[in-house]
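Tertiary structure, described
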Amino acid sequence: METKIKTIKNGLKDAKRILYDGGLVAFPTETVYGLGANALDDDAVKSIFIAKGRPQDNPLIVHLSSKKEITKYVKSVNDLEKQIINTFMPGPITLVLEKNESISNVVTAGLNTVGIRIPENKVAHKFLKKVKLPVAAPSANTSKRPSPTNALDVFEDMNGKISLIIDGGSTDVGVESTVIRVVDSKILLLRPGKVNKQDLEEKIGCEVIDKTKLQKDEKPESPGMKYTHYAPKCDMVLVISNNGDIIKKLSNIYDDLIKKKRNPVILCSNSSSKLLNDKNIITLGNDSNEACSNLFSTLRIAEKEYDYIICEFVEGGTMEDAFYNRASKSSGGNIL
Ligand code: TXA
Ligand code: MG
């Protein structure tokens, strides 16, 4: 299968036809690129799992063009959920609700709940509005790989497997949506993202329980939490300052790897990069928000040139939890 990359202007008609024919279309959102299928077509949804090599028990998010679509696919929306929808949607958030019979078990991997998301990205919105379908979409990467944040990164993983990628440039947020669920008038935070715990507490005014840092043996609320994720093709370590001298720590790890004849690179904040001399360096930005925006694309660049990624935990900004979550998983839990 030939994989074409098209702008929304040139590709929208094809995208609609492909979805109605049961095919897959990759499209941009403000978080990462999604790999979309008609959520009402079980065979099409099954082919997402095949294209990604995704475990069957990991449910998909359903993307909609507007808030008024939501009630078509869920049993009910309570006051707290309404408040969340009205405050944060469209935006980089997914709300898990009890599904109705129009959403099949293939989409939700057998769960009686469905993740609903309304992206605010203009291209995503145009695409969803035009196709007039609920679109089931995970991130458009091969399972376990860093999520794609531009059309070429989608192409790298999906070339030959899907026929169309809608190119909307680089995504803004760079990591996937915040996933939440309301249980007993409390918000469970299932995956950290741009909308953080404090945003939820301040704007919704209820307790937020962080379920993203699983205790040993605890069953994850969100099936996706238990898998290896976002891994580059080379070794990686996440380095945390712990109130110590981060520059010294990064340098020591780097020098040690050089002694072992490895070819390392340091991914770090702009300020750290100025203090690290004579080393291979790629900067991630000024704070956790910029670092999230650049993380996945940088991992895909670094893995092609180096054999060891030393990644600084970039502090500051509002996305420290999201950055820590993704970078620690990318490193396979190798944290110093
Ligand atoms: O930003 C995003 O959310 C992107 C874009 C394309 O929208 N999508 C995305 O999808 O990241 P995916 O499939 O890579 O991650 C979805 C996450 C998984 O961790 C999954 O387990 C969780 O959401 N999830 C989906 N439905 C759920 C449900 N009913 N209950 C609990 N967790 C759910
Ligand atoms: Mg994913």
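Before reading further, recall that the structure is shown in the block above.
Let us look at the structure shown here. (Residues numbered from 1 in each chain as written. Chains lettered and ligands numbered in written order. Predicted model: local features only at pLDDT ≥ 70, side-chain atom pairs only at ≥ 80, totals over all residues. Heavy atoms only, no water.)

1. Describing a positive patch on the surface
On the surface, a cluster of positive charge is made up of Lys9, Lys68, Lys126, Lys129, Lys130 and Lys132. With respect to the element layout, lysine 126 can be found in helix α5 (residues 122-131). (Patch = residues over 30% accessible without salt bridge, like charges linked within 9 Å, V, L, I, M, F, W, Y side chains within 5 Å. Areas by Shrake-Rupley, 256 points an atom, 1.4 Å probe, with all protein chains shown as cover. Salt bridge = Lys/Arg side-chain N within 4 Å of Asp/Glu carboxyl O. Lys, Arg positive; Asp, Glu negative; His and termini not counted. Charge placed at Lys NZ, Arg CZ, Asp CG, Glu CD. Helix = DSSP H or I, 4+ residues; strand = E, 2+ residues; numbered from the N terminus.)

2. Some remarks on the pairing of strand β10 (residues 186-191)
As a general feature of sheets, a regular strand has side chains that alternate between the two faces. Counted residue by residue, β10 has five buried out of six residues, so it is predominantly covered. Hairpin connection, strand β9 (residues 178-183) to β10: the antiparallel pair is bridged by two residues, and aspartate 184 has positive phi, about 50 degrees. Viewed along the sheet, the connection from β10 through helix α7 (residues 197-204) into strand β11 (residues 208-210) turns out right-handed. (Buried < 20%, exposed > 50% of the residue type's maximum accessible area, 1.4 Å probe, protein only. Pairing = 2+ DSSP bridges. Right-handed = clockwise from strand over helix to strand, strands pointing away.)

3. Digging into the state of the cysteines
Disulfides are covalent bonds that link the sulfur atoms of two cysteine residues. This structure, assessed with the given rule, holds zero disulfides. This cysteine, cysteine 292, is not joined by any disulfide, and cysteine 311 carries the nearest cysteine sulfur, 10 Å off. For cysteine 292, a relative accessible area of 0% translates into the label buried. (Disulfide = S-S within 2.5 Å.)

4. Considering α5
Taken residue by residue, α5 has Val123, Ala124, Phe127, Leu128 and Val131 as its buried positions. The buried side chains of α5 occupy one side of the element, clustering within an arc of 125 degrees when seen end-on. Among the exposed residues of α5, those oriented more than 90 degrees off its buried face are Lys122 and Lys129. Residues of α5 that are buried make contact with α1 (8-20), β2 (25-27), β4 (61-63), β7 (135-137) and β8 (164-166). A distance of 2.9 Å separates the backbone nitrogen of valine 123 from a side-chain oxygen at the start of α5, and that oxygen is part of asparagine 121. Directly beyond the C-terminal end of α5, a positive phi value near 50 degrees is found at lysine 132. (Arc of directions from axis to C-beta. Contact = heavy atoms within 4.5 Å. Polar contact = N/O pair within 3.5 Å; in protein donor to acceptor, adjacent residues only side chain to side chain.)

5. Considering the nonpolar core
Counting 47 residues, the largest nonpolar core has Leu35, Ile70, Ile187 and Leu200 as the members making the most contacts within it. Of all the elements, helix α2 (residues 42-52) adds the most residues to this core, at five residues. Formed by 25 residues, the second largest nonpolar core is a distinct cluster that contains Val175, Leu238, Ile240 and Phe313. (Core = buried A, V, L, I, M, F, W, Y, C linked by side-chain atoms within 4.5 Å.)

6. Examining the pattern of salt bridges
Tallying each qualifying case throughout the model produces 17 salt bridges. Across the pair arginine 117 and glutamate 30 runs a salt bridge whose closest N-O atoms are separated by 3.3 Å. With a gap of 87 residues between them, arginine 117 in strand β6 (residues 113-117) and glutamate 30 in the loop between β2 and β3 (34-38) connect regions that are remote in the sequence. Note on accessibility: arginine 117 and glutamate 30 belong to one class, buried. Within the structure, one salt-bridge network assembled from shared partners comprises Arg145, Glu156, Asp157, Arg300, Glu303 and Lys304.

7. Digging into the pairing of strand β15 (residues 308-312)
With five of five residues buried, β15 is to be regarded as a mostly interior element. The side-chain alternation of β15 yields two buried faces, one formed by Tyr308, Ile310 and Glu312 and the other by Ile309 and Cys311. In this structure, strand β12 (residues 235-239) lies alongside β15, joined through five bridges in parallel fashion. Along β15, the bridge assignment pairs leucine 238 with cysteine 311. In terms of strand pairing, strand β13 (residues 264-269) meets β15 through four bridges, oriented parallel.

8. Notes on the sheet that holds β12
Within the open sheet, the four strands sit side by side as β12-β15-β13-β14. Their pairing is parallel. The open sheet has two edge strands, β12 and β14 (281-285), and neither has a second partner. Each strand axis lies, on average, 20 degrees off the axis of its neighbour in the sheet, ignoring direction. Examined bridge by bridge, β13 and β14 share four bridges and lie parallel to one another. In the sheet register, cysteine 268 faces β14, and the bridge partner there is threonine 283. Each of β12, β13 and β15 is contacted by helix α8 (residues 246-259), which is oriented at about 175 degrees to β15, the strand it contacts most. Strand contacts of helix α10 (residues 288-305): β12, β13, β14 and β15, with the helix running at about 155 degrees to β14, the strand carrying the most contacts. (Axes fitted to C-alpha atoms, helices over the stretch in contact; angles between N-to-C directions.)

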